[in-house]
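Residue-level structural notes
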Amino acid sequence: MPFNPGVAMNLPAIDRCIRQTLDLLRGFDPRTAMFLDRRARWTKGPQTARDRVSNELWFFIWQSHREDARLEVLRNIFAPFLGHPTGWAVTRKIYRWLCSSAPQNPDEVLQVVEVITALIQHQAWHRNGTAYRPDWDSRGKALRAGYMERARAFAAGLEGCLEGESEVTRWREMAPQLMAAAGGSIDRLCAIISEEEGIRDQVETVLQALWAARQKDQALALLEEQVGPLLTMRPAHPKALLRPCLDLLTLPHLEMVSGLPYEVTGILGKLRDIRSTEHLLSVLENCARKYTQVRCNAIYALGHLRDRSALPYYLEVLTGPNSTDAALSGRPSGYSLSLRGEKRECIWALGRLGAEAREAIPVLARYGRNPERDIGAVLAWALGCIGKGQKETCGGLDAALVTSLLQLLQVEDHRVFEESAMAMRGLGLPDFLHHLYLHDFATVPILSLKPSSTGLYELSETLFYLMSMQSPVVMAVTGDSGTGKTYFCETLIEGFGGLRRKDILYLQRDRPGHMMILNRILGLRWLRDHVAPQHYENYPLAEDRDDPDLFFRQFIQQHSHRKLIILDGWRDSEYFHEVLRRFYEYGHLDVLVKFHSTYSTKRLNLEEREETLERVTAHLPLVEDPAIEETDFYREGAVLLYQLDNSISSRLNDHEIREVFQKRKVATWGQTVHIGELLHRAEWIDPQESMLASRREKITLKKKNLRPKETISFRPRETAFRRILNEEPERNPNLLQDIDLDGGDIRRIGFFTQGQVAYGDGNGDIGVLSGFQDRNFSTGVHQQPVRCLAVTGGAILSADTAGELKETCFRKKGITAWPAGSSPICSLACGRDGLVAMGHEDGTVRLWDRTAQQVYVLEGHADQVRALAIGRKGAVFSGDAAGEMHLWDLRKGSKSIFTSPGNSIRAVEMYPDGRWVIAQQVSGPTDEMAPREPAAIWILDPESGRGEVFGLNVCARIKALKVYFDGRIFIGIGGRRAVPDGHTLLVIDPRPNRPQIFSLPGHRLETIDCLTMGPRIITCGREEDGPGTLRIWGGLSYIKSELKNSALLPDHMEKPPYCRTIF
Amino acid sequence: MDEKIKILVVDDELPVGKSISHALREEGYDVDMALSGEEALQRLRRRPYAVMVVDLMMPGMSGMDLLSAVKETNMNISVIITTGYPSARTTVQSVKLGAFDYLPKPFTPGELRAIVARALEGRRPEEKRDPSD
């Protein structure tokens, strides 16, 4: 039928029009700016406003990927035009007016779409014609007037082609109906177009001036100064920048050195619009390698678009050179430019492709052999993503991929290891888990990380529990850059669980006021040595008047009304750790949360925050240093530590965090984090006030270098251990389980890391028992039984009965022999900053500064130094077999000497309030014979020499001493004949008004060593009838609930890793 | 006026609890959620529920403890135990304690809805309600 708008026609069926639209849409390529011209041909590169609207409209329709959603959108849009006879008549007339030269018999759909396009264009002009412009902006006002004029002319012309009041009225109704269609989406589309037209006008004006400029440098200056800011400003609708940016990229005379291509590709990276794909690919094809930053931006944007057609470009980059000659003006010739950043982005983009990047595995595998530091982590992540996709689509994994991940696990870099382990975990490769663990189980228990969705639940309970006991509770939140710590903190500081905003003090160094508080806590002296001057330039006091201790006390006093203080980690991790250390030393650090996340999560978080690739890549390498595992508060276990996996799949959003922290949910939570009540066999004990003779002397330090004798490598033995649950809880209510070590004879134990215990045994072996999969990693180190052991920074220091000193490092798989000194070592202790104290049989004490590789020899004891401890501020306490105790203060160069004649000092530990706990007993002829008199425990105030003395009512040899952070003292004793009922683990609780002493069964013959970990007490000792055993104890209610839970969970069941770390 | 059937979901893992709640709400039930056994008991005191879906392993009061507490108070409520660690022992124990049924994780929304519907069928007739009310 010939096209004749004047003739009344039947209404076209909407469903048919929708089908025609969908047919048309098949020719639409979303990967470039494509529009439908008036002859119904798909064309690239819109030049006019009409074409741009067409592109935006068709892209909008294409975006509704779901078939039903797309149908709904089209029905909505078409309704004002096809749902009413007058509407259809008006549509046809407007179309004829708009397209006088159009085909004679167009489809209804083409007519409707053309009219919609015109209406959107008209609305955009109208918007710009009524937009606010300040009085001084004469150019803006002129542009505004131009838009208004165009809108008026359009409306007048359009209404001129309509006949009668009803058609004009209908047309005036159609525009608002269209704008409201599809939930207001067309109105938003209109806003994008109007903003884009505004940007175009401004850019066009500048570019015209540019082409008119006679000199090239003037033109470049114009570009840099004027177009750049136009693009980098934040429009209300960022999508309005898309087409102007694409046009700029294709501008024939645009100079790379103007910096504009960098800006434009950076913006495209932020927009992540699929329509930029072709342009970005052409950047990779045409842009010389020396413009690597522009290329990086393009790869980054393409990575987000997950476009497979970029794969050959990525491979070309990865197989290409590592650097290029950057012969740019202003640079000397032969200047070499690294292409590492570009390669890193390519690897990341391949990871984003997932299974579609399978063919890149051989190329990536080459990088796995010897990855550079900043490529290793992203490579591990990408291999994990590709592997996951491959497993899902093909059901198997490429061997080269697995091999590469295993190679990456060997890289001596925390981040690379962590990412590789995460990838292996994601791929579900249980057979390789042991391999992962062996390599770096010392510092990264990554496989047993709790997901934050579970861990934050526990954290909320812990905070409620602690806040019910004390105030303020201090919680530090740390983690590598981009792990989501500030997001978490900012959710909490709004208040939760009855806490108002004012009950919470939130400290973050980036805020100037907060930085001053933190600076004052650290003190000017420390700041001068460690921080750049601009960070403390307004420090209010001179160094001689500065008193950080006083300030801290006043600070805590001032905020005593708060319930919670949150310390948010910041980029200068040395500064943050020193703040934590100060809080810890003053006894005000309660909880530490450390977030971990995958490379992709870190990137996504940083991309959201930092926006440009340049800033993202600047922040990605920022990691916690030193690692939290190296710190005192971690090792001593007094601070409750939550290491959580905050990767996207594991984390909670802000609403969920608020929900979890809404209220206290478990009344008995305290027993799951701290050692609870030990009511078994309690008796009163009355301490005696006593005084030790004391004197003060100056000390002279002899300094020596310490060099290792030799280092040998080893391969750890790996065996499984078995847990034997307590089957008689009525008889033994504090015992959780025995650890069956298959004949192992453990003599000394130490805290290694969360869920892991270091040990030395009677055969001279050193090992680590890991609660994850119940593994025992060990190696032969000594020829004689291990006598003493200490753990520092992932290394286990041990001395045997012959006095040999060895250092075992499972991470490096090396055993280092160190010179033992003048005589055999009989005691060892580790302090912070790598300080190690060694007590010798000839009475010397050696202090080993491992950082400086120097040893200070301290002389003064006349007998074997059997007891050693290092205090929080570096003070060293030593006690000898003749009853003499020395408290060495290296900073003041003096020592206090206390004497207790006739007694032997067996062990010493620091008490939480700064006093010292000393175990002493009457000297006996040999260690194995039971002493004639009961031993005594002193809590000694070194300032006055006064002490509280708790006499033990058993004549047994003291073997172990451990002070829990709440003040309870655990004492392991030996000599069964002297101990009633064979109980060898005593607990003194000096806190209540009338102190108590408990006895726990311990081990039948002797409890040799003791360790506290969370709510658990771990002991090692010997039984009558066999080798040594390891046992786990706890408070009554904790043991009850653990035994009940264990009964619910049979041993053979596969549990999540974090459930199995309970040691 | 007919009221919707009330169901209480008890799971210490918020995302898990939410997805169970969502699946049941889609079916037209009135669903509340508790993150611990203690919180569940508080809710049970305030509001009558027809069915309770309980995770077995929770810190503090376990699912089994909650089941015992509910049965001691003689509440007329059908309890469905869910857990990631199914075993014959726990199944027998939970059913002995009066659980209606036992649902090993992971389960589909369909399985969950079916077991809840069965639990409701097992209740006294006057308490049955059309879930689409």
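Residues numbered from 1 in each chain as written. Chains lettered and ligands numbered in written order. Predicted model: local features only at pLDDT ≥ 70, side-chain atom pairs only at ≥ 80, totals over all residues. Heavy atoms only, no water.

Points about the overall build of chain B
If you tally the helices and strands in chain B, you get 5 helices and 5 strands. When the helices and strands of chain B are placed in sequence order, the string is β-α-β-α-β-α-β-α-β-α. Scored against the burial criterion, the 133 residues of chain B give a buried share of 53%. Within chain B, contacts between residues at least 6 apart in sequence are counted, and of these 61% link residues at least 24 apart. Carbon and sulfur atoms make up 51% of the accessible area of chain B, which amounts to about 6000 Å² in all. (Helix = DSSP H or I, 4+ residues; strand = E, 2+ residues; numbered from the N terminus. Buried < 20%, exposed > 50% of the residue type's maximum accessible area, 1.4 Å probe, protein only. Contact = heavy atoms within 4.5 Å. Areas by Shrake-Rupley, 256 points an atom, 1.4 Å probe, with all protein chains shown as cover.)

Concerning the pattern of salt bridges
Residues and elements named next belong to chain A. As enumerated under the stated definition, the model contains 69 salt bridges over all chains in all. A salt bridge links Glu 359 to Arg 308, with the nearest nitrogen and oxygen atoms 2.6 Å apart. One end of the pair, Glu 359, is in the loop between α14 (340–353) and α15 (361–369); the other, Arg 308, is in the loop between α12 (292–305) and α13 (311–319), and 51 residues separate them in sequence. Of the residues examined, Glu 359 reaches a relative accessible area of 46% and is grouped as partly exposed. Bridged by salt links that share partners, the residues Arg 52, Glu 56, Glu 196, Glu 197, Arg 200, Lys 239, Arg 243, Asp 247, Asp 273 and Arg 275 form one connected network. (Salt bridge = Lys/Arg side-chain N within 4 Å of Asp/Glu carboxyl O.)

Regarding the sheet that holds strand β7 (residues 504–508) of chain A
Residues and elements named next belong to chain A. Pairing in this open sheet of 6 strands is parallel, and the strands run β5-β10-β9-β6-β8-β7 from one edge to the other. The strands lining the two open edges of the sheet, one partner per strand, are β5 (450–451) and β7. Two strands pair when backbone bridges link them, and strand β9 (residues 591–596) and strand β10 (residues 640–645) are joined in this way by 6 bridges, in the parallel orientation. Looking across to β10, one finds that Leu 592 is bridged to Leu 641. Running over the sheet, helix α20 (residues 452–469) touches β5, β6 (473–479), β8 (564–568), β9 and β10 and is turned about 160° from β10. (Pairing = 2+ DSSP bridges. Axes fitted to C-alpha atoms, helices over the stretch in contact; angles between N-to-C directions.)

Concerning the sheet that holds strand β23 (residues 786–792) of chain A
Residues and elements named next belong to chain A. Strands sit in the order β15-β26-β25-β24-β23 across an open sheet of 5 strands; the sheet is antiparallel. On the outer flanks of this sheet lie β15 (710–713) and β23, each paired with one strand and no other. Mean inter-strand twist for the sheet, computed between neighbouring axes without regard to direction, equals 20°.

A look at the pairing of strand β20 (residues 756–761) of chain A
Residue and element names in this part refer to chain A. Within β20, 6 of the 6 residues are buried, which leaves the element mostly enclosed by the surrounding structure. Where strand β19 (residues 746–753) and β20 come together, 6 bridges link them in antiparallel fashion. Looking across to β20, one finds that Arg 748 is bridged to Gly 760. By the bridge criterion, 5 bridges tie β20 to strand β21 (residues 765–770) in an arrangement that is antiparallel.

Notes on the packing of aromatic side chains
Residue and element names in this part refer to chain A. On inspection of all chains with the given rule, the structure shows 20 aromatic pairs over all chains. Measuring from ring centre to ring centre gives 6.1 Å for Phe 552 and Phe 555, while their planes differ by 50°; the resulting arrangement is tilted. Of this pair, Phe 552 and Phe 555 both sit in helix α24 (residues 548–558), 3 residues apart, which is roughly one turn of that helix. Over the face of the ring belonging to Phe 59 we find Arg 275, whose NZ or CZ atom lies 3.7 Å from the ring centre. Against the face of Trp 848 rests Arg 850, its NZ or CZ located 5.0 Å from the ring centre. (Phe/Tyr/Trp six-rings, centres within 6.5 Å; stacked < 30°, edge-to-face > 60°. Lys NZ or Arg CZ within 6 Å of the ring centre and 35° of its normal.)

Brief notes about the confidence of the model for chain A
All names here are of chain A. Of all residues in chain A, 87% attain a pLDDT of 70 or more, and the chain-wide mean is 84. Note on residues 1–8: pLDDT under 50 across the span, and 13 contacts to partners over four residues away in sequence or across chains. Across residues 1052–1062 the pLDDT falls below 50, and counting only partners more than four positions away or on other chains, this stretch makes 32 contacts in the model. (pLDDT = per-residue confidence, 0-100.)

Some details on the pairing of β10(A)
Remark: a regular strand shows side chains that alternate across the two faces of the sheet. Residue and element names in this part refer to chain A. Of all 6 residues in β10, 6 are buried; the element is thus mostly enclosed. Of the two faces of β10, the one holding Leu 640, Tyr 642 and Leu 644 and the one holding Leu 641, Gln 643 and Asp 645 are both buried throughout. As paired strands, β5 and β10 are joined by 2 bridges and run parallel to one another. Within the sheet, the bridge partner assigned to Lys 450 lies in β10 and is Leu 644.

Section: the side chain of His279(A)
Residue and element names in this part refer to chain A. Topologically, His 279 is positioned in helix α11 (residues 277–286). Here His 279 falls in the buried class, since its relative accessible area comes to 14%. Among all residues touching His 279, those that are not within four sequence positions of it are Thr 32, Leu 246, Leu 249 and Thr 250.

A closer look at the nonpolar core
Residue and element names in this part refer to chain A. Judged by nonpolar contacts, the single largest core of 73 residues is most densely connected at Tyr 314, Leu 350, Leu 364 and Leu 405. Looking at this core, the element that brings in the most residues is helix α16 (residues 373–394), giving 9 residues. For Tyr 314, the contacting residues outside a window of four places in its chain are Ile 299, Leu 302, Gly 303, Cys 346, Ala 349, Leu 350 and Leu 353. (Core = buried A, V, L, I, M, F, W, Y, C linked by side-chain atoms within 4.5 Å.)

Structural notes on a positive patch on the surface
Where like charges cluster on the molecular surface, the positive patch consists of Arg553(A), Arg696(A), Lys873(A), Arg891(A) and Lys892(A). When you line up the elements, Lys873(A) lands in the loop between β31 (865–870) and β32 (876–880). (Patch = residues over 30% accessible without salt bridge, like charges linked within 9 Å, V, L, I, M, F, W, Y side chains within 5 Å. Lys, Arg positive; Asp, Glu negative; His and termini not counted. Charge placed at Lys NZ, Arg CZ, Asp CG, Glu CD.)

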